[in-house]
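Understanding the architecture of this molecule
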Amino acid sequence: MPGSNQISAILQQALAAVASSASLKDLEAVDNRYLSRKNGLLTSILKTLKDIPIEERKTFGAAANEARLKLEEAIAQAQEGLRTSKRDSSLDPTLPGISHKIGSIHPITRVIEQICQSFYGMGFTIARGPEIETDYYNFEALNFPPDHPARDMQDTFYVEGGLLLRTHTTPVQVRTLEKSKPPVKIITPGKTFRNEAISTRSYCVFHQVDGFLVDEGVTMADLKGVLVAFCRDFFGEDLKLRFRPSFFPFTEPSAEVDISCFLCGGKGCQLCKYEGWLEILGCGMIDPNVLNNVGYDSEKYTGYAFGMGVERIAMLKYKINDVRLFYENDIRFIRQFR
Amino acid sequence: MQLPYSWILELVNVDWPAKELADRLTLCGTVANASPFLEEPLDNIVVGQILEIEPIKNTDHLKKAMVSTGSETFQVVCGAPNAAQGQKIIFAKIGAKLKGMGELKKAKLRGVESFGMICSERELGLTDDHSGIMTLDDDAELGMAADEYLGVKDYILKFDLTPNRSDSLSAIGIARDVACLAGKEIKQSKFELQEISEKSSDVVKISIADTSACPRYAARVIRGVRIGSSPWWIKRKLILSGIRPISNVVDITNLVMLETGQPLHAFDFRQFGRREVLVRRAKQGERFTTLDGKEHELTPEVLLITDGEKGVAAAGVMGGLNSEVSSDTADILLESANFDPITVRRSRMKLGISSESSTRFEKGADPNNVTFAMDRAAYLMQQYAGGEILSGIIDCYPEKINPITIDLRPSRVNAILGTDISKERMIIILKMLQFRVKDKETLEVTVPTFRPDIAREIDLIEEIARIEGYEQIPSADRNIGPLYTPLHPNDTFRQLIRTSMTAQGFDEIYSSTLADPKLLTKIEPEKAPIAIMNPIAADFAVLQSSCLYSLLKAISNNFAQRNTDLRIFEVGKAFLRNESATGDLSPVEVDEIGIALSGKSDDQWFGKGRERDFYELKGAIDSFFEFARVPQCIYRPEKHPAFDDSLVFELIINEKRIGFAGLIKNEIVRAFDIKQTVYAAVLDFNIILNSRQPENYYVPLPKFPSAPRALAVIVDETINVADIISKIKEMGGELLEAVELFDLYRGKQVGEGKKSLAFSLVFRSKGRSLENEEVTEIYNNIIEYLKNNFKTEIREG
Ligand SMILES: [Zn+2]
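Residues numbered from 1 in each chain as written. Chains lettered and ligands numbered in written order. Predicted model: local features only at pLDDT ≥ 70, side-chain atom pairs only at ≥ 80, totals over all residues. Heavy atoms only, no water.

1. Description of the overall build of chain A
- Within chain A one finds 12 helices and 10 strands.
- Here the C-alpha atoms of chain A give a radius of gyration of 37 Å, more than 25% beyond the 20 Å that 2.2 N^0.38 yields for 338 residues.
- Based on the C-alpha atoms only, the size of chain A along its principal axes is roughly 110 × 45 × 45 Å.
- Per-residue burial over chain A gives 54% buried out of 338 residues.
- Per element, the accessible surface of chain A, about 15600 Å² overall, is 51% carbon and sulfur. (Helix = DSSP H or I, 4+ residues; strand = E, 2+ residues; numbered from the N terminus. Rg over C-alpha atoms; globule rule 2.2 N^0.38 Å. Buried < 20%, exposed > 50% of the residue type's maximum accessible area, 1.4 Å probe, protein only. Areas by Shrake-Rupley, 256 points an atom, 1.4 Å probe, with all protein chains shown as cover.)

2. So, the environment of Phe606(B)
- On the secondary structure map, Phe606(B) appears in the loop between strand 33 (587-598) and helix 16 (614-627).
- Judged by its relative accessible area of 36%, Phe606(B) is partly exposed.
- Expressed as a C-alpha distance, the spacing of Phe606(B) and Ala537(B), which sit 69 residues apart in the sequence, is 48 Å.
- Other than its neighbours up to four places away in sequence, Phe606(B) contacts Gly97(A), Ile98(A) and Ser99(A). (Contact = heavy atoms within 4.5 Å.)

3. Regarding the domain arrangement of chain A
- Each domain of chain A was delimited in the assignment, giving domain 1 (4-88) and domain 2 (107-337).
- Once you take the C-alpha centre of each, domain 1 of chain A and domain 2 of chain A turn out to be 74 Å apart. (Domains from an automatic or database assignment.)

4. Observations regarding helix 2 (residues 24-35) of chain A
All names here are of chain A.
- The terminal C-alpha atoms of helix 2, which comprises 12 residues, lie 15 Å apart, in line with the 16 Å expected from a rise of 1.5 Å per residue.
- Buried residues of helix 2: Leu27, Val30, Tyr34 and Leu35, and no others. Buried residues of helix 2 fall within an arc of 85 degrees about the axis and therefore sit on the same side. Projecting away from the buried face of helix 2 at angles above 90 degrees are the exposed residues Lys25 and Glu28. (Expected span 1.5 Å × (residues − 1). Arc of directions from axis to C-beta.)

5. Looking at the packing of aromatic side chains
- By the definition in use, this model includes 36 aromatic pairs over all chains.
- On the basis of an interplanar angle of 70 degrees and a centroid distance of 6.5 Å, the ring pair of Tyr120(A) and Tyr484(B) is categorised as edge-to-face. Linking Tyr120(A) in helix 5 (residues 107-120) with Tyr484(B) in the loop between helix 12 (457-468) and helix 13 (489-503), this pair reaches from one chain into another.
- Exposure remark for Tyr484(B): the relative accessible area of 55% places this residue in the exposed category.
- Ring geometry for Phe614(B) against Tyr635(B): centres 6.1 Å apart, planes inclined by 90 degrees, an arrangement best described as edge-to-face. In this pair, Phe614(B) sits in helix 16 while Tyr635(B) sits in strand 34 (residues 634-637), placing the two residues 21 residues apart along the sequence. Per residue, the accessibility class of Phe614(B) equals that of Tyr635(B), and both read buried.
- Each member of the aromatic cluster is reached from another via a ring pair, and the members are Phe119(A), Phe124(A), Phe230(A), Phe234(A), Phe235(A), Phe262(A), Tyr304(A) and Phe306(A).
- In this arrangement the basic side chain of Lys317(A) is found over the ring face of Phe234(A), its NZ or CZ atom lying 5.4 Å from the centre. (Phe/Tyr/Trp six-rings, centres within 6.5 Å; stacked < 30°, edge-to-face > 60°. Lys NZ or Arg CZ within 6 Å of the ring centre and 35° of its normal.)

6. Here's the deal with empty space enclosed by the protein
- Summed over the entire model, instances satisfying the criterion amount to 3 cavities of 30 Å³ or more.
- Approximately 90 Å³ is the volume found for the largest cavity.
- Around the largest cavity sit 13 residues that line it, and Ser246(A), Asn164(B), Arg165(B), Glu462(B) and Arg466(B) are the ones nearest its centre.
- Those elements that provide at least two residues to the lining of the largest cavity are strand 7 (241-248) of chain A together with helix 12 of chain B. (1 Å grid on protein atoms, 1.4 Å probe; cavity = no way out; pocket = protein on both sides within 12 Å on 5 of 7 lines; lining within 4 Å. Points joined across faces, edges and corners; volume = space filled by probe spheres on them.)

7. Focus: the sheet that holds strand 14 (residues 205-208) of chain B
All names here are of chain B.
- The mixed open sheet is built from 5 strands, whose spatial order is 14-17-20-21-22. At either end of the open sheet lies a strand with only one pairing partner, and these are strand 14 and strand 22 (318-319).
- Here 4 bridges tie strand 14 to strand 17 (residues 276-281), and the two strands are oriented parallel to one another. Paired with Ser207 across the bridge in strand 17 is Leu278. (Pairing = 2+ DSSP bridges.)

8. A look at the coordination of the zinc ion
Residues and elements named next belong to chain A.
- Those donors, Cys261 (SG), Cys264 (SG), Cys269 (SG) and Cys272 (SG), are the protein atoms that reach the zinc ion, and they lie 2.2 to 2.3 Å from it.
- Coordination at the zinc ion is tetrahedral: its 4 donor atoms span angles of 103 to 113 degrees at the metal.
- The motif formed by the donor residues of the zinc ion, counted along the single chain, is C-x2-C-x4-C-x2-C.
- Under the relative-accessibility criterion, Cys264 is labelled buried at 12%. (Donors = N, O, S within 2.8 Å, 3.2 Å for Na, K, Ca; no water. Tetrahedral: all angles 85-135°; square planar, octahedral: opposite > 155°, others 65-115°.)

9. A few points about the nonpolar core
- Of all hydrophobic cores here, the largest spans 126 residues; its most connected members are Phe119(A), Leu227(A), Phe306(A) and Leu514(B).
- Sort the elements by how many residues they give to this core and helix 8 (residues 220-235) of chain A lands first, with 10 residues.
- Ignoring any residue separated from it by four or fewer positions in sequence, one finds Leu514(B) in contact with Phe157(A), Leu165(A), Phe193(A), Cys204(A), Val205(A), Ile532(B), Asp539(B), Phe540(B), Val542(B), Leu543(B) and Tyr549(B).
- With 51 residues, the next largest nonpolar core counts Trp16(B), Leu157(B), Val249(B) and Ala373(B) among its residues. (Core = buried A, V, L, I, M, F, W, Y, C linked by side-chain atoms within 4.5 Å.)

10. Observations regarding the layout of surface pockets
All names here are of chain B.
- Computed from the structure, the second largest pocket encloses a volume of approximately 1300 Å³.
- Around the second largest pocket, the lining comprises 30 residues; the ones closest to its centre are Tyr615, Lys618, Asp622, Val721 and Ala722.
- Elements with a contribution of two residues or more to the lining of the second largest pocket: helix 16, strand 34, strand 35 (643-653), helix 19 (721-732) and strand 39 (736-745).
- Sort the elements by how many residues they give to the lining of the second largest pocket and helix 16 lands first, with 7 residues.
- Residues belonging to the lining of the second largest pocket are distributed by class as follows: 15 nonpolar, 4 polar and 11 charged. (Nonpolar A, V, L, I, M, F, W, Y, C, P; charged D, E, K, R; others polar.)

11. Brief notes about the packing of helix 6 (residues 248-260) of chain B against helix 9 (residues 370-385) of chain B
Residues and elements named next belong to chain B.
- With their axes 9 Å apart at the nearest point, helix 6 and helix 9 run at an angle of 145 degrees to one another. Considering the relative orientation of helix 6 and helix 9, their crossing is right-handed. Between helix 6 and helix 9, the contacting residues are Asn248, Val249, Ile252, Thr253, Leu255, Val256, Glu259 and Thr260 on the first element and Phe372, Ala373, Arg376, Ala377, Leu380, Met381, Tyr384 and Ala385 on the second.
- The class makeup of the residues in the contact of helix 6 with helix 9 is 11 nonpolar, 3 polar and 2 charged. (Axes fitted to C-alpha atoms, helices over the stretch in contact; angles between N-to-C directions. Left-handed = near helix turned anticlockwise from the far one by under 90°.)

Spelled out as structure tokens, the structure:
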């Protein structure tokens, strides 16, 4: 049966151990050995209380508790002492931390997601469509008459069965309008194909984000508004925009949007070819023929549409000078984007 | 198209500098760029005259010439075969900078000193012509600065025109936009034709067999021209427009085309055996040689100009070699016609030739501009090539094309543009564009035939916006349409895949999805890929039928760059044929998730790197599934042509195959020039998306303590860990909260063909603290159960 002597013996032993502890780790070991709730030498003595005659329990218990408090205080004090003591000189903070590598998201995804997020905030949602398309959706429904020079703007890959690889994501506009009722407010990111020779400036595959809105009373001023908001969000607040007339078979009036060069602020530099402007997207009011093709009353409903090339924007944003890099997938390239 | 800046100023009186003119045009949709024609000024280069010239002895072509610049005389050595006494020429003095030659210095050739150079067009940077020196008109003023005399201190306007604007493919067309922007009139060139009494209709007959392909064909006959070179002013306009001068007659047809937009063609009339013109479709297999010397076998797609028998021109595309104007041509048949755009387009595609003429016809030339252009050309030919113009035009124009009239609602203009433009302003703009307007509540607008692109109200609205300026359209600060539309689960899942995989250290790749069929067939030998009919390269000839292709391609590219430690993924696509459809191609696009790893992780200061292996691949998939709330999948041994039979599994969720994972066949890896093992998985995006679980509800945290135990068993290698765990769970019952493998050991102590597995078991009750004894009892039951089910040795835990 343990007695008070035993308690003080254990305490002395423990205090000696505290005194000889050279590190926090040593102290932790002392703490564990004597004070661990489960089987600490001091704590387990308290568990033997039930075996002690009732009259002794009180003093014994008090002694044990006192010893515990003393030891706890001693440990705390010693810890304090060690904490304020010298640095552990073996710890080298310039060594790399222990971690694992994080992968990189491809710059094309980064740009697509940023664009989509910007428009998502303005009430657009994403729609997708097939990459193998019919002539109808890729051209005819979009007001490209057969044998029209406008088709030359988009050199097309044809696949078996009279089908083609879509040359833009605009067919998704037709597919979405066909199965929806206005208002429709959509952006369509995706892969597109053009039969072009591969060079630093052009590749046979590229990505596009198209967007459109059809509702009653949509005007070209609304189109300007949404694109001004997007460009400021994406490229920066103090950006200037320039809308100039252009031609796309599926919009009328059509416009090309230039932004003031974000590198030189419009003064002229190599990036903007000393023009001060960067061509960033094409847009316009959806041609009444397109709306009629999907069964909308083009007198009642109007809409706008816009589209931009993801690689072009990524090249401008990250100053990439060779479009082929996107598809070579050299991890030294991909890992530059965080 | 390019034109000299000065040409536009000749036609409209504006004082905008070249750059401003280009910018203003750009902002009205006629994209233009202005740049100086000469890269370097022509300093120290003047008009001179050859006073004397004599051959230098013992040389085969060198001559000594004395050149006067009016005030001074220079001795020069000249090698040009055409240099002759009395010629006015361009003379470069010592110190002049010539194209590709640097600064001119005093020279000595064959003992003769030379103090300058008589210049060819190439040395002046005008053309590539170096066949002889440039000779000037006799009235050229001696000593005049060459750039001034030549009129080359000019700017080039380069246009990037949209395919709808056929009206701006000419100097007059561009000038029309400029005049409109400046609120001025165009100065039309005035001329008076001198015709002889003989009628051209007596000399040649014209008939059109296909009037829809050729709505109008007009011609004139000019007799007795002298073919020679054009005067400098014509050459200059052509050179600055990027067209090489050839001879006076040909140059004039080009000049007038540039001026008016109407393509013209001059035939050598001698070659018209039957003295007639018949416009007809070519016969199948009919042979015809265009004037670039190429022989073509024609089809009826090509519209042919014939002399009643043989073809003399591919209508609207290119003339024939047989009727080309040559140095001894005397009689000209001058063609000015209108051809149907689609016909010309098909002809030029069939012939594989594109010309200034076909470009204009294809976009739509003005049928009512035909005679003006022809008369202008005839007039210039008479002026600069001599010759007599026979009286009258032979004009075959069976159905006159009249201007159309369109209703325009001023309210609609503002409703589309979001503007507040007054009706009066709209009328002013339309009239400046040379449209006729009847001012009613709804405007009646008559569109001239040089604007075939304008056929609807919306086209007129665009014209008003274009001229008014897009900067006049306000930017509306309102959000219309739905304020919110939820994202499709598909899109949130894409983000989730990327977050999960990159967090695990995988890099995202993007592929073209265009594949090399030879390599692809090794991966998917059973699935014939969808072929591209007009591929740009043999290795881009089909669409990939598996995402494994793009993964291997990316690893291959990296391996070639010595990036050997690779963990990559792609949210990609496979293109398949619909197998249920018979014969017919009915493509299916399958969204796939591809994951691959290869190589070895780097050694670190705290530990060695390890070879990437199957377990790492599995771990990545497991973590991704856990992250995305996809149930863990079962790996069932299966075969797949891309994977090595020794290590390939089909992945199953809810009895559905979601993909394959394993070791890529060595033979395939080699075919991709990869010299290390590759582990990969290809997963079906949509099946996984559809098996995602909803978000969890909260489960209360345990109130009672757990009782941990450890258990080690030695079993045959053939026994799967999952089977043991499931037996442990079976016997552990409700109170067994968790089982996990924490050690796997193979070695001498456990014996050949065996492995030691150590599991940690956690027991817990939801309602009470567990007694030691009851845990021990269950634990012992588990040991018994394992002994009965597997040949196991139990080691104390
Ligand atoms: Zn710049």
